[in-house]
Amino acid sequence: MKPSKVLIADDSLLMHKLLHALLPRSTVVHAMDGREALSRLEDHPDVELLIVDLTMPTMSGVELVESLAASGMLARVPVVIMTTEGKEQDALACLQAGAAGYVRKPFQCQQLLDLIERL
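Residues numbered from 1 in each chain as written. Predicted model: local features only at pLDDT ≥ 70, side-chain atom pairs only at ≥ 80, totals over all residues. Heavy atoms only, no water.

## Quick word on helix 5 (residues 109–118)
Stage number 1. Among all positions of helix 5, only Leu 112, Leu 115 and Ile 116 are buried. Along the long axis of helix 5, the arc covered by the buried residues comes to 100 degrees, so they all point the same way.
Stage number 2. The inward-facing, buried residues of helix 5 contact helix 1 (13–22), strand 3 (49–53), strand 4 (79–83) and strand 5 (101–104). (Buried < 20%, exposed > 50% of the residue type's maximum accessible area, 1.4 Å probe, protein only. Helix = DSSP H or I, 4+ residues; strand = E, 2+ residues; numbered from the N terminus. Arc of directions from axis to C-beta. Contact = heavy atoms within 4.5 Å.)

Take a look at the structure:
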């Protein structure tokens, strides 16, 4: 998968810059938390991939995935969860909520690109 439009939801500006640089052929939409991500998705219904931080203010990554699942959006837009937490139960909760993948920070850039390609 080479997504033409990606939404990044993360409360770290550094992660936004890194991910934007990793996806030079994609249009990138930015959100600083889960609620803003939902709002951005309304404005950008053609997003093909979400890269979401697990721990964000206002609405966590798992809560965002659960909201997307309830709306039926997960059927067409894969979500990759990223986190520094690194606990197995976090990975399981994300995948059970409907995330397509899970990446622990810090990560190898190629690891993330390979995951995106598999989606």
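That shown, we press on.
## Examining unusual backbone geometry
Stage number 1. Residues Lys 105 and Pro 106 are joined by a peptide bond in cis, for which omega reads -10 degrees.
Stage number 2. Counting through the fold element by element, Pro 106 comes out in the loop between strand 5 and helix 5.
Stage number 3. In this structure, Thr 58 is a non-glycine residue whose phi angle is positive, near 75 degrees.
Stage number 4. Structurally, Thr 58 can be placed in the loop between strand 3 and helix 3 (61–71).

## Topic: the sheet that holds strand 4
Stage number 1. Spatially, 2-1-3-4-5 is the arrangement adopted by the five strands of the open sheet, whose pairing is parallel. Among the strands making up the open sheet, the edge pair consists of strand 2 (27–31) and strand 5. Here the strands of the sheet are splayed against their neighbours by 20 degrees on average, with no regard to which way each runs.
Stage number 2. In the sheet, strand 3 pairs with strand 4 via four bridges, with the strands oriented parallel. By the bridge assignment, Asp 53 is partnered in strand 4 with Met 82.
Stage number 3. The sheet contacts of helix 3 involve strand 1 (5–9), strand 3 and strand 4, and relative to strand 3 the element is tilted by about 145 degrees.
Stage number 4. Helix 5 rests against strand 3, strand 4 and strand 5 of the sheet, and its axis sits at about 175 degrees to strand 5. (Pairing = 2+ DSSP bridges. Axes fitted to C-alpha atoms, helices over the stretch in contact; angles between N-to-C directions.)

## Concerning the side chain of Lys 5
Stage number 1. Here Lys 5 is to be found in strand 1.
Stage number 2. For Lys 5, a relative accessible area of 14% gives the class buried.
Stage number 3. Reaching out from Lys 5, the side chain makes a polar contact with the side chain of His 44 at a distance of 3.1 Å.
Stage number 4. Among the polar contacts made by the side chain of Lys 5, one reaches the side chain of Asp 46 at a distance of 3.0 Å. (Polar contact = N/O pair within 3.5 Å; in protein donor to acceptor, adjacent residues only side chain to side chain.)

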